[in-house]
Amino acid sequence: MISVKKSSALFACLFLAAAFCFAQTVPENEAADGPQAEVSIAFTERSIYYPGPDRPVPVTFTVTNPGPGPLRFKLADDRFFSLAFRARNTANRTLPESEEWIRRRSGASQIYFREITLEAGESYSFTENVKDYLSIPEPGLYLLECAFFPELRRLPDYSEPNLTSNRLTLEIKPEPAPAAAAGYLGGGTQTEGILQPQPLSPDQVVATVLAARQKSQWERFFLYLDLEAMLNDDPVRRRRFQAESESGRREMIENYKTELMQSRAENEISLVPADFQIERTSYTESEGTVTVIEWFDYISFRERKRFTYNLARRDNIWRINGYTVDNLGTE
C-alpha cells in the first residue's frame, strides 16, 4: 500500500513532468517583430470551477507596455481573433476547442478591430470566459495559458506573431451532490412558473438555500431569504431603507439581490460552499437558529467557516433573516 505522503509526492512529480512537457510542446512567443508587450492572465475571482459549458471560468487578460515608448496593437471586437487559450491535463493531453470557438471562427467573414495605444507603464485588461474557447467536460488539474496576437489571428494555428502569457493551474472539481440537501431541492412547488415556499423545518430551509447556491439556482436561493429583514440588520442601510418610499424600498431590495448574485465579499451568504454540514439546530414557535460548518475550496487550500443562520417563521414558512460568520482557518 502506498502512503498518503508518497501518493501526494508521486502526483506532484507527475504534474511537474506534465508541466515540463507542456512547456516543451507549446509554441514560444513569436512576436519578435511585433509590439514588445507583456501579457498575463489571472483568475477574475477566487471560486470553485466545475465541468460543463454552463459553468464559466472567468479569467482577466492584461497587456502591459513595459517599454519607454508607446505600444500599439490591434484588438478584435470578437476576441476569438485576438486570443487563444490552451490547456493540458496531467497526462499532457490538450483540451479541445469549444463548439462556440469552432462556430465563431468558421462563420466570421470579416474581422472588425480597433487599434489601441498604450503609453509607457500603462495596461489594458478585459475578462474572458475560458470555456468559450475550450471544452472542459470532466474534472481534473490543468495548466492554462493564453496566446495574444497583436496583429490579429487569421489562421487556425500559431504561425502568426503571438505572445504567450504566464501559466495558471486550473482545478476543475466534480459536480457537488450533497446528500444532506439532495432531497430538499424539490422543496418548492411551481405554479405558473413561480416557485412557492414550503413549510420546511429550519435546517431544511438552510440546506435548501445552500444547495441552491451551489447550483446557482437564484430563484430558489432567494425563496427562503427575508431580504427586507437582512437589509434592516445593517444600521446604515436600515436608516436609508426606513427613509425611502415604497418604490424606493423595492428598488433597494432589488439592488441587494444584485449584490448577492455578484458574490461580493461583504455578503458571505452568497459565497459558494464546496461542502457543508449542519452542526446544530434549535428553534421555538417563531424563531430558530441553525449552525452550519461550510468549506470553501480554492486553488491551493480549503477554507472552513461556521455560519450561524437566524430564522423567523411567518405564515408557517421559515425564512433566514440574518447570519453571522466565524472563520475557522484553512485545511
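Everything discussed here concerns the structure shown above.
Attention in this report is confined to the structure presented alongside it.

### Some thoughts on the sheet that holds strand 15 (residues 317-330)
Two pairing modes exist for strands in a sheet, parallel and antiparallel, and in both the strands are linked by backbone hydrogen bonds. Overall, antiparallel pairing links the 4 strands, which are arranged 12-13-14-15 in an open sheet. Strands at the two margins of the open sheet, each flanked by one partner only, are strand 12 (275-283) and strand 15. Across the sheet, the mean angle from the axis of one strand to that of its neighbour is 20 degrees, orientation sign disregarded. Across 11 bridges, strand 14 (residues 302-314) lies against strand 15 in antiparallel orientation. The residue bridging R313 from the neighbouring strand is W318, located in strand 15. Docked against the sheet, helix 4 (residues 202-214) engages strand 12, strand 13 (287-297), strand 14 and strand 15, running at close to 155 degrees with respect to strand 12.

### Digging into the environment of F149
Of note, F149 is situated in the loop between strand 7 (140-148) and strand 8 (163-164). Under the relative-accessibility criterion, F149 is labelled buried at 0%. Here the alpha-carbon distance between F149 and A76, two residues 73 residues apart in the chain, equals 9.7 Å. Those residues in contact with F149 that sit more than four places away from it in its chain are K74, S82, A84, D157, Y158, E160, P161 and N162.

### Topic: the pairing of strand 14
Relative to strand 14, strand 13 is paired through 11 bridges, and the arrangement is antiparallel. For D297, the partnering residue across the bridge sits in strand 14 and is R302. Linkage of strand 13 to strand 14, two consecutive antiparallel strands, is achieved through a turn of 4 residues.

### Considerations on the nonpolar core
In this structure, V206, L225, L227, I269, Y309, L311 and I320 are the most contacted members of the largest nonpolar core, which totals 36 residues. Broken down by secondary-structure element, the contributors of at least two residues to this core are helix 4, helix 5 (218-223), helix 6 (227-232), helix 8 (246-261), strand 13, strand 14 and strand 15. Among the elements that line this core, the one with the most residues is helix 4, at 6 residues. For L227, the residues in contact, after removing those within four places along its chain, are F222, I253, Y256, K257 and L260.

### Examining the packing of aromatic side chains
With the rule as written, the count across this model stands at 16 aromatic pairs. On the numbers, 4.6 Å between centres and 15 degrees between planes, the contact of F80 with Y133 is stacked. One end of the pair, F80, is in the loop between strand 3 (71-76) and strand 4 (83-89); the other, Y133, is in the loop between strand 6 (123-129) and strand 7, with 53 residues separating them in the sequence. The burial state of F80 is the same as that of Y133; both residues are buried. Taken together, a centroid distance of 5.0 Å and an interplanar angle of 65 degrees make the contact between F85 and Y133 edge-to-face. Pair noted here: F85 is in strand 4 and Y133 is in the loop between strand 6 and strand 7, with a separation of 48 residues, a long-range link. Like F85, the residue Y133 is buried in the burial classification. Every member of this aromatic cluster is reached through a ring pair, and the members are F61, F73, Y124, F126 and F148. Stacked on the ring of F126, the Lys or Arg R79 has its end atom at 4.3 Å from the ring centre. The cationic tip of K257 hangs over the ring face of F222; the distance from NZ or CZ to the ring centre is 5.0 Å.

Procedures and definitions
- Residues numbered from 1 in each chain as written.
- Predicted model: local features only at pLDDT ≥ 70, side-chain atom pairs only at ≥ 80, totals over all residues.
- Heavy atoms only, no water.
- Pairing = 2+ DSSP bridges.
- Helix = DSSP H or I, 4+ residues; strand = E, 2+ residues; numbered from the N terminus.
- Axes fitted to C-alpha atoms, helices over the stretch in contact; angles between N-to-C directions.
- Contact = heavy atoms within 4.5 Å.
- Buried < 20%, exposed > 50% of the residue type's maximum accessible area, 1.4 Å probe, protein only.
- Core = buried A, V, L, I, M, F, W, Y, C linked by side-chain atoms within 4.5 Å.
- Phe/Tyr/Trp six-rings, centres within 6.5 Å; stacked < 30°, edge-to-face > 60°.
- Lys NZ or Arg CZ within 6 Å of the ring centre and 35° of its normal.

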